[in-house]
Structures are given as C-alpha cells and as structure tokens.
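An overview of the molecular structure
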Amino acid sequence: NPERQSVKLRRNVSCGRPCWRNARTGYAATSRHSMPKATAPMRDLSPESLLAAVNAWVAIESPTQDAAAVNRVSVHAEGILRAIGATIERIPGEGGIADILIGRIPGEANGPGILLLGHMDTVHPVGTLSGPLPMRVEGDRAYGPGIYDMKGGNSIAFSALVHLHATGQRPK
C-alpha cells in the first residue's frame, strides 16, 4: 500500500527555510519543493542532506527474493561504513537470501557497544520507483519504496555515524 510507505512530516518553522521534520522522530526531513542531490560528508545534518541520504538508499530497489538487488544495497551500506573506518564482515547469503553485512566501528571506550540493526530489502518489486511509487515529496510527506520500513531508518542511523566521523567523534 503506497500510503503506508510514507513518512509524516511536520512543518519546521525554526530552520529559516521551507523544510519539515519527521513528526514521529523529530529528524529533519526535506526541502519543500524538490528532492535534493546526494551530498558529501554530513558535517552538518541539514534537511536536504538527510533526505538526499534517504533517497540514495530508496533509489536502490531491493525486493526480498532478489538477493542480487538486496546485495546492491549492502554494497551502498558497505561503502558508507568503509568510508568512516569500519571493519567489514560479509556473511554470504544462502538459499536465495542476500548477504549479511556487519560493520564495526570502535567507540570512545572499550566495553559494551551500540548495536544498529536493520534490513535492506523491501516488499516492492523492481520497477516500483519508475511506476506506482516514485521517491517524492507531496505536502508534508515523503514517499518511496522502503522509506519508512526500513531504508529511512537505516539511512538516518548511518547519517549519524557519518556525522560523528566528519566531526572527529566516535560513538560513545
């Protein structure tokens, strides 16, 4: 259902330009009229850069039963992780299921860490972006296959890690 694949956005009057914040999470989400282009390192977490990051994930169609397609999302995620100094482990998928990607980033101190866990597949077949559910913004909602479950969440988590790296910090 395309209506379920949206993120409800709330007008953000404090940012000084037309943008919204995700009403549920509070994360900045988008410029009002257009989809931003992907940007370089996220030193500043602007609404445009966050939505560009989400769009980069959503633009890689990845239906569950197409391991090669899902692995293309893994390649994207792996590139982000490697760029911020993560060590990578890939466990080959079996039985038509995509690989498992594990990235490890050292924290500020030794000890228990933070686990970020997500999946990279969607229920949407290849061709959904060019057909019934293109990535777009309408009013106060952003739409796209997997934007809410789970590519948007993955993207925001990765953006936080990239931001920490770009500002010389590490996870606590």
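Before going into details, it helps to say that this report is about the structure given with it. Just so it is clear, the structure is predicted and the values come from calculations on it, not from any experiment.

Right, let's get into the packing of aromatic side chains. Under the defined criterion, the tally for this structure stands at one aromatic pair. For the pair Trp57 and Phe158, a centre-to-centre distance of 5.0 Å together with 75° between the ring planes defines the contact as edge-to-face. Of this pair, Trp57 sits in helix 1 (residues 47–58) while Phe158 sits in helix 3 (residues 151–166); the two residues are 101 residues apart in sequence, bridging distant segments of the chain. The exposure class of Phe158 is buried, given its relative accessible area of 15%.

A word on the packing of helix 2 (residues 67–83) against helix 3. Here helix 2 crosses helix 3 at 15°, and the two axes come no closer than 10 Å. Our classification of the angle between helix 2 and helix 3 gives roughly parallel. The element helix 2 and its partner helix 3 pack so that their crossing is left-handed. Residues Val73, Ala77, Ile80, Leu81 and Ala83 of helix 2 pack against Lys151, Phe158, Val162 and His165 of helix 3. Considered class by class, the residues forming the contact of helix 2 with helix 3 number seven nonpolar, one polar and one charged.

This brings us to helix 1. The end-to-end C-alpha distance of helix 1 is 16 Å, a good match for the 16 Å that twelve residues give at a rise of 1.5 Å each. Among the twelve residues in helix 1, nine count as buried, and that is most of the element. Among the residues of helix 1, those classed as buried are Pro47, Ser49, Leu50, Leu51, Ala52, Ala53, Val54, Trp57 and Val58.

Turning to the environment of Ser74, a few remarks are in order. With respect to the helices and strands, Ser74 occurs in helix 2. C-alpha of Ser74 to C-alpha of Ile100: the two residues are 26 residues apart in sequence and 8.1 Å apart in space. The residues contacting Ser74, other than those within four sequence positions of it, are Arg90, Asp99, Leu101 and Met120.

The rules behind the values
- Residue numbers restart at each chain and count upward from 1, following the sequence in its written direction.
- In keeping with the model being predicted, local features are shown solely for residues with a pLDDT of at least 70 and side-chain atom pairs are shown and tallied solely at 80 or more, while totals for entire chains, interfaces and linings include all residues.
- As a rule here, side-chain values cover all heavy atoms of the structure and leave hydrogens and water aside.
- Aromatic pairs are defined between Phe, Tyr and Trp rings, using the six-membered ring for Trp, whenever the two ring centres lie within 6.5 Å; interplanar angles under 30 degrees are classed as stacked, those over 60 as edge-to-face, and all others as tilted.
- Here a strand is any run of E in DSSP of at least two residues, a helix any run of H or I of at least four, and the numbering for each starts at the N terminus.
- When a residue's accessible area, from a 1.4 Å probe over protein chains only, is under 20% of the maximum for its type it is buried; when over 50% it is exposed; and in between it is partly exposed.
- Axis angles are defined between N-to-C directions and span 0 to 180 degrees, where every axis is a line fitted to C-alpha atoms and, for a helix, only to the segment in contact.
- Comment on the angle field: the value is read as roughly parallel under 35 degrees, roughly antiparallel over 145, roughly perpendicular from 65 to 115, and oblique elsewhere.
- By convention, the crossing between two helices is left-handed when the near helix turns anticlockwise from the far helix through less than a right angle, and right-handed when the turn is clockwise.
- Between two residues, a contact is recorded if the distance between any of their heavy atoms is within 4.5 Å.
- In this classification, the charged set is Asp, Glu, Lys and Arg, the nonpolar set is Ala, Val, Leu, Ile, Met, Phe, Trp, Tyr, Cys and Pro, and all remaining amino acids, among them Gly, are polar.
- To estimate the expected span of a helix, subtract one from its residue number and multiply by 1.5 Å.

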